[in-house]
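Descriptive analysis of the structure
Residues per chain are reported as follows:
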Amino acid sequence: MTEKKPTAPVTPTRPIRWEDDISSNADDTRPFENGRPISEWKPEELKVIASGRAPECLRDLPLLDLAAKDTLPIPNSLDREGYAKGYDEWFWLSGLRDYHLTMQAAERFDICVDKVLEIGCASGRVLRHYAVQRETKEVWGTDINHRHIRWLFENMPRTIIPVAVPALPQLPVPDNYFDLITAYSVFTHLDVFETAFLAEIRRALKPGGLAYLTAHTEPTWDKLREEFVAGAAGLSQRLKDFDPDFPARIMQPLAKGRTQFRRTQIGPYRAQVFHSTDYIENVWGRFFEIEDILPLHHEKQTVVLVRKPT
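Scoring rules and cut-offs
Residues numbered from 1 in each chain as written. Predicted model: local features only at pLDDT ≥ 70, side-chain atom pairs only at ≥ 80, totals over all residues. Heavy atoms only, no water. Core = buried A, V, L, I, M, F, W, Y, C linked by side-chain atoms within 4.5 Å. Buried < 20%, exposed > 50% of the residue type's maximum accessible area, 1.4 Å probe, protein only. Helix = DSSP H or I, 4+ residues; strand = E, 2+ residues; numbered from the N terminus. Contact = heavy atoms within 4.5 Å. Phe/Tyr/Trp six-rings, centres within 6.5 Å; stacked < 30°, edge-to-face > 60°. Lys NZ or Arg CZ within 6 Å of the ring centre and 35° of its normal.

1. Concerning the nonpolar core
Core analysis: the biggest nonpolar cluster contains 45 residues, and Leu63, Trp92, Leu93, Val113, Tyr130 and Leu305 have the highest contact counts within it. For this core, the secondary-structure elements that each account for two or more residues are α2 (47-51), α3 (63-69), α4 (88-108), α5 (127-133), α6 (146-155), β5 (205-215) and β9 (301-307). Counting residues per element, this core draws most heavily on α4, at nine residues. Beyond its immediate sequence surroundings of up to four residues, Tyr130 is in contact with Tyr99, Thr102, Met103, Val113, Val116, Glu135, Thr136, Val139, Leu180, Thr182 and Tyr184.

2. What about unusual backbone geometry?
Located in the positive-phi region is Ala84, a residue other than glycine, with phi close to 45°. Mapped onto the fold, Ala84 is located in the loop between α3 and α4.

3. A look at the packing of aromatic side chains
All chains considered together, the criterion is met by 13 aromatic pairs. Taking the centre distance of 6.2 Å and the plane angle of 70° together, the rings of Trp140 and Tyr177 count as edge-to-face. Of this pair, Trp140 sits in strand β2 (residues 138-143) while Tyr177 is found in the loop between β3 (160-164) and β4 (178-183), placing the two residues 37 residues apart along the sequence. Across the pair, exposure class does not vary: Trp140 and Tyr177 are buried alike. Judged by centre distance (6.1 Å) and plane angle (80°), the ring pair of Trp221 and Phe246 falls under edge-to-face. Of the two residues, Trp221 sits in helix α8 (residues 218-230) while Phe246 sits in helix α10 (residues 246-249), which places them 25 residues apart along the sequence. In this structure an aromatic cluster arises from ring pairing among Trp221, Phe228, Phe246, Phe261 and Phe274. Seen from the ring of Phe91, Arg80 lies directly overhead, with NZ or CZ sitting 4.7 Å from the centre. It is Arg125 that lies over the ring of Tyr83; its NZ or CZ is 4.2 Å from the centre.

Remember, this is a structural readout, not a statement about activity or role.
Structure, rendered in structure tokens:
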């Protein structure tokens, strides 16, 4: 009998195209199939709004009037980074919710929002509301998914300035320029170069400008433990696939510092990252004045409000 030779372990290979290693869909040219603008929906189609099940922070707003103002198309479920897949009304409402909460924070600190930058803007779930609801002068958005950026160019008004960027800490935007910078669910995925991104945000903000950043912190970890114990579908079940030790780790308090789970060793979209509050105060607080830390203010994520020193 011929002895079977041992096989060499399979090692990950890098993408064939270098741009796919630091971004995604760089050469994508597929046409878009958009949904109808929400302004064209009949009242009976707006089931979430009509039933009063809109996010609580929006329930006192004239939602039908706000919907009637939005004549921009809704991106197809496949072109919106997984947000509200198959539920166009929730997609629109979730963007309005994040826009509304962010503007409340800006008003709280007396920030005049003429120039805003969203890092990781996808296909404009939030950006559209700056253009539609208040006609903000300049709304910049960056994303590593080139298809999202192309969608914005083809479907959004000229006040929106989309920029395709690599998954590296380099924002091709002016110094001391923005009144407001947002990053929803960005630092939750930055497993490397976090401090360089913080430095870039500080560079681009005007002195006194506000950044609205979200992070996974201790309350997020506690919510995930509840989810995991209950066996509910969600992030906790995905993290179990990332790390075989996760079932034991989630039963303990969140460790101090940064805790990261990496799904793959190649390309972007590869990690989930958790921050302890004392880490945010010690590290992020060297770049900014931390104005407030709001647990579970962005669904399961914590909102960190910071300002550039004057």
